[in-house]
Amino acid sequence: MPKLYEVKIRLCSPTILTRRHRRNIFEVLTKPLNIPSRSIKGALIDSLAREISIKYGIKKASCLSNRGKREECDALIDEIINPLLRIRPAYPVIDGKEAEPASPFVYVKKIKETGEESLFVGITVDELTSIISIDEIAKSIPPVREGYPKSLHGELVILHNRKIKKVDIYTSRHESTAINKKYYTAEKGMLFSYELLPAGLEFTTTIFDPADLLGRLMDKLNTGDKLEIFLGRGRSRGFGRAIMELKEKEIERKIDERAKEIARSSVYVLKALSPTLEIIDGQNSRPYIENIKYPPQDLKNHVSTIQEAELNIRKVQTNEGKVPFVMGSLTKISGWGTSSNGSGPIPRYYAGAPGSIHVYEVHSPDPEQALVFIELTGLDELSSIGFNWFKVVTTKEVI
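Scoring rules and cut-offs
Residues numbered from 1 in each chain as written. Predicted model: local features only at pLDDT ≥ 70, side-chain atom pairs only at ≥ 80, totals over all residues. Heavy atoms only, no water. Helix = DSSP H or I, 4+ residues; strand = E, 2+ residues; numbered from the N terminus. Contact = heavy atoms within 4.5 Å. Salt bridge = Lys/Arg side-chain N within 4 Å of Asp/Glu carboxyl O. Buried < 20%, exposed > 50% of the residue type's maximum accessible area, 1.4 Å probe, protein only. Phe/Tyr/Trp six-rings, centres within 6.5 Å; stacked < 30°, edge-to-face > 60°. Lys NZ or Arg CZ within 6 Å of the ring centre and 35° of its normal. Pairing = 2+ DSSP bridges. Polar contact = N/O pair within 3.5 Å; in protein donor to acceptor, adjacent residues only side chain to side chain. Axes fitted to C-alpha atoms, helices over the stretch in contact; angles between N-to-C directions. Parallel < 35°, antiparallel > 145°, perpendicular 65-115°, else oblique. Left-handed = near helix turned anticlockwise from the far one by under 90°. Nonpolar A, V, L, I, M, F, W, Y, C, P; charged D, E, K, R; others polar. Patch = residues over 30% accessible without salt bridge, like charges linked within 9 Å, V, L, I, M, F, W, Y side chains within 5 Å. Areas by Shrake-Rupley, 256 points an atom, 1.4 Å probe, with all protein chains shown as cover. Lys, Arg positive; Asp, Glu negative; His and termini not counted. Charge placed at Lys NZ, Arg CZ, Asp CG, Glu CD. Expected span 1.5 Å × (residues − 1).

Caption draft 1: Region of interest: the environment of Pro14. Relative to the helices and strands, Pro14 resides in the loop between β1 (3-11) and β2 (18-22). In the structure, Pro14 is positioned 292 residues away from Ile306 in sequence and 40 Å away in space, judged by C-alpha atoms. If sequence neighbours within four positions are ignored, Pro14 has contacts with Leu196, Leu197, Ala199, Phe239 and Gly240.

Okay, here's the thing in structure tokens:
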């Protein structure tokens, strides 16, 4: 029986959720600021393994690496090897509203008289879905005068009641140095600088659990609806502690409520909440999915009520022929080689950045329900590791 959870994550200590910017300088992990799906899943599995360790006296490392210790350990190992949990990237909650990445059509302009900055959107959903040529897109881009207006694509914004507000998250900086174990002095060239997210910051996300893994484990472990998790670096120094609160939601009601907000159309506008890509032949990629049948097989095997659909990217006319209707910037994705001797190729792909706009034709007996399922589960198999998550932009919302 599949389960759906609305999840709140509250940072209880400063958190080093960073990427390497320069040699010894680490900055906030992603733009726009969010907690990637893989980080949430890793923290969740680590937390459940720790609870198993406490209750049954099994070492956490052994629980996650050796089968046969406990049924609960085997379930976590299965999730690591063949992931089923669908966790959407978590975005900050500011003044009770969830932030999201800005699309390429969100602009900021400076008001001459006051010097203040004002945000606006260059196009509506109806206008975007009626575009058939690249020239029409060009007309929607405002002319630049003295450096303004500028696109805020990829920045955090709050979109509410057709109003736009830019979100700035306060961060601090932590510096530390390695100590020589022999002379107890600072090691030369080992001064590190980290950007910290503040304690008290809240994030929200959803977890779609096709096989009811979390419900079964949390019932057996008597954890209630809250788990202590750790995110990012510096755990041994007190950084990254957070509380994850899971609230089960009725799937049918959630789908019906959201489906009513999506107007029936032949073309739909989807905004990326995560990096987007399609891997071709294992080595190449493109930053969008051109044609796909939903749902992917792993979901189809567990959720019989899921609404099927076929999505085809909309094409627009250019001087060189028709091209996919995708607007946004690129981001680079890399990982680790999987060869047992460590000499395998390191995967490097170019993906569409969060906030990118993808315009799709959706073919389904009930396209609205299919699109809500896509919002809750991600679009394809890569969504289980944090890629290809989308939000449907309705005609009542700004892009």
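Caption draft 2: Fine view of the pattern of salt bridges. Under the criterion given, the structure shown has 28 salt bridges. Where Asp298 meets Arg86, a salt bridge forms, and the shortest distance between an N and an O atom there is 2.9 Å. With Asp298 in helix α8 (residues 297-300) and Arg86 in strand β4 (residues 86-87), the pair connects residues that are 212 residues apart, well separated along the chain. By relative accessible area, Arg86 is classed as buried at 0%. A cluster of three or more residues bridged by salt bridges with shared partners is formed by Asp46, Arg50, Lys60, Glu228, Arg235 and Arg241.

Caption draft 3: Representation of the packing of aromatic side chains within the structure. Tallied over the full model, the rule gives 1 aromatic pair. The interplanar angle of 25 degrees and the centroid separation of 5.5 Å between the aromatic rings of Tyr107 and Phe120 together place this pair among those described as stacked. Of this pair, Tyr107 sits in strand β8 (residues 106-110) while Phe120 is found in strand β9 (residues 117-121), placing the two residues 13 residues apart along the sequence. Take Tyr107: its relative accessible area is 6%, and that puts it in the buried class. Between the NZ or CZ atom of Arg70 and the centre of the ring of Tyr56, over which it lies, the distance is 3.7 Å. Above the face of the Phe120 ring, Lys109 is positioned so that its terminal group lies 5.2 Å from the ring centre.

Caption draft 4: Summary view of the sheet that holds strand β10 (residues 150-151). Strand order in the open sheet made by the 3 strands is β9-β8-β10, with antiparallel pairing throughout. Only two strands of the sheet have a single neighbouring strand rather than two, namely β9 and β10. Here 2 bridges tie β8 to β10, and the two strands are oriented antiparallel to one another. Following the sheet pairing, Val108 is matched in β10 by Lys150.

Caption draft 5: Representation of the side chain of Ser383. Note that Ser383 resides in the loop between α9 (367-377) and β29 (390-393). Among the polar contacts listed, one links the side chain of Ser383 to the backbone oxygen of Asn388, at a separation of 3.2 Å. Apart from the residues within four sequence positions on either side, Ser383 is in contact with Arg86, Thr377, Gly378, Asn388 and Trp389.

Caption draft 6: Seen up close, the packing of helix α1 (residues 37-56) against helix α3 (residues 71-81). Across the interface, α1 lies against α3 with an axial gap of 10 Å and an inter-helix angle of 165 degrees. One finds that α1 runs roughly antiparallel with respect to α3. Remark: the crossing between α1 and α3 carries left-handed chirality. Contacts from Lys41, Ile45, Leu48, Ala49, Ile52 and Tyr56 of α1 reach α3 at Glu72, Cys73, Leu76, Glu79 and Ile80. Among the residues forming the contact of α1 with α3, the class breakdown is 8 nonpolar, no polar and 3 charged.

Caption draft 7: Looking closely at the pairing of strand β13 (residues 172-179). Note: β13 against strand β14 (residues 186-196), 7 bridges, orientation antiparallel. Across the sheet, Arg173 pairs through a bridge with Glu195, a residue of β14. Count of turn residues in the β13/β14 antiparallel hairpin: 6 residues, of which Tyr184 carries a positive phi of about 55 degrees.

Caption draft 8: Highlighting a negative patch on the surface. Side chains of Glu250, Glu252, Asp256 and Glu257 sit close together on the surface and give a patch of like negative charge. Residue position: Asp256 is located in helix α7 (residues 251-261).

Caption draft 9: Spatial organisation of the pairing of strand β24 (residues 321-324). Sheet analysis places strand β23 (residues 315-318) next to β24, joined by 4 bridges and oriented antiparallel. The partner of Val316 across the bridge, within β24, is Val323. In this antiparallel pair of consecutive strands, β23 and β24, the connection spans 2 residues.

Caption draft 10: Inspection of α1 at higher detail. Taking 1.5 Å per residue, 20 residues should reach 28 Å; α1 reaches 28 Å between its end C-alpha atoms and fits that length. Buried within α1 we find Ser37, Ile40, Lys41, Ala43, Leu44, Ile45, Asp46, Ser47, Leu48, Ala49, Arg50 and Ile52. One or two positions beyond α1, positive phi appears at Gly57, with a value near 70 degrees.

Caption draft 11: Geometry of the sheet that holds strand β11 (residues 156-160). Taking strand neighbours across the sheet as the criterion, the 3 strands line up as β7-β11-β12 in an open arrangement whose pairing is antiparallel. Strand pairing shows two members of the sheet lacking a second neighbour, β7 (100-101) and β12 (163-166), which therefore form its edges. With 2 bridges connecting them, β7 and β11 associate as antiparallel partners. For Glu100, the partnering residue across the bridge sits in β11 and is Val157.

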